[in-house]
Amino acid sequence: METKTTNKKGQLIRKLHVLRGAAGMTQEEYEALLGSYGVESSKELEEWQLEKLVEFLSKQTDSERRDLDVQRKRLLAAVCAFCEDTVGKWEVMGDKARIWYAKGVACRAAGMEACDSKWRDNFNRLSLERLRSLTYAFQKRKRDMDGVIASLKENL
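The structure presented is a predicted model; accordingly, all values stated were derived computationally and were not measured.

1. Some details on the packing of helix α3 (residues 47-86) against helix α4 (residues 95-109)
Look at α3 against α4: their axes get within 9 Å of each other, and the N-to-C directions meet at 100 degrees. It follows from the interaxial angle that α3 and α4 lie roughly perpendicular. Here L75, L76, V79, C80 and C83 of α3 come into contact with α4, specifically with I99, Y101, A102, K103, V105 and A106. Split into classes, the residues belonging to the contact of α3 with α4 amount to ten nonpolar, no polar and one charged.

2. So, the packing of aromatic side chains
Overall, the coordinates contain two aromatic pairs when judged by the stated rule. For the pair F82 and F138, a centre-to-centre distance of 5.5 Å together with 70 degrees between the ring planes defines the contact as edge-to-face. Of this pair, F82 sits in helix α3 while F138 is found in helix α5 (residues 128-155), placing the two residues 56 residues apart along the sequence. A relative accessible area of 10% means that F138 is categorised as buried. With centroids separated by 5.9 Å and ring planes inclined at 70 degrees, the aromatic side chains of W90 and Y101 adopt a geometry described as edge-to-face. Here Y101 lies in helix α4 and W90 lies in the loop between α3 and α4, a separation of eleven residues in the sequence. Across from the ring centre of Y30, 4.5 Å away, lies the NZ or CZ of R20, which sits over that ring. Above the face of the W100 ring, K103 is positioned so that its terminal group lies 5.2 Å from the ring centre.

3. A look at the nonpolar core
In this structure, L75, V79, C83, F123, L126 and F138 are the most contacted members of the largest nonpolar core, which totals 20 residues. Among the elements of the structure, α3, α4 and α5 are those that each provide at least two residues to this core. Element by element, the count of residues in this core is highest for α3, at seven residues. If we skip the residues at most four places from it in the chain, V79 touches A102, V105, A106 and F138. Counting 15 residues, the second largest nonpolar core, distinct from the first, contains L12, I13, M25 and V39.

Thresholds applied
Residues numbered from 1 in each chain as written. Predicted model: local features only at pLDDT ≥ 70, side-chain atom pairs only at ≥ 80, totals over all residues. Heavy atoms only, no water. Axes fitted to C-alpha atoms, helices over the stretch in contact; angles between N-to-C directions. Helix = DSSP H or I, 4+ residues; strand = E, 2+ residues; numbered from the N terminus. Parallel < 35°, antiparallel > 145°, perpendicular 65-115°, else oblique. Contact = heavy atoms within 4.5 Å. Nonpolar A, V, L, I, M, F, W, Y, C, P; charged D, E, K, R; others polar. Phe/Tyr/Trp six-rings, centres within 6.5 Å; stacked < 30°, edge-to-face > 60°. Buried < 20%, exposed > 50% of the residue type's maximum accessible area, 1.4 Å probe, protein only. Lys NZ or Arg CZ within 6 Å of the ring centre and 35° of its normal. Core = buried A, V, L, I, M, F, W, Y, C linked by side-chain atoms within 4.5 Å.

So this is what it looks like as structure tokens:
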């Protein structure tokens with residue numbers, strides 16, 4: 001008899017639970033997913049069913065990771081464009097310093113510290129919705145500032 005750690009079904013169940021967490025599924029959503037297979041527990045699923053669920057959740061989390069990565073880059077670009085106009089000596093900062101500064105600005109705008117108590121970057125903890133909201137806010141603020149500057153130049 002195989003032990004739980006070497007059993008393929010056990011490995012699939014563990015992977016399913018890891019992917020469930022990565023996908024941010026609530027217990028109710030997970031139970032509904034299992035219910036669609038007519039079971040109440042992942043242990044009741046056949047190996048082929050577990051493989052299908054693992055593949056499905058893998059694709060879902062990969063897509064979400066790509067979306068988060070793209071949105072993080074958009075937010076950093078928006079914050080950097082804003083800082084270029086508002087932060088003194090921005091042009092003399094190195095690229096790494098600008099990125100760290102922009103991440104800190106974004107985190108503070110989200111109402112959180114730039115780093116946690118163990119000095120880990122909090123920027124990657126922003127949700128997709130929050131990333132989008134902040135990106136739009138910084139872009140709008142930059143457009144508004146550009147409009148003010150343009151009108152000032154016209155009046156000179």
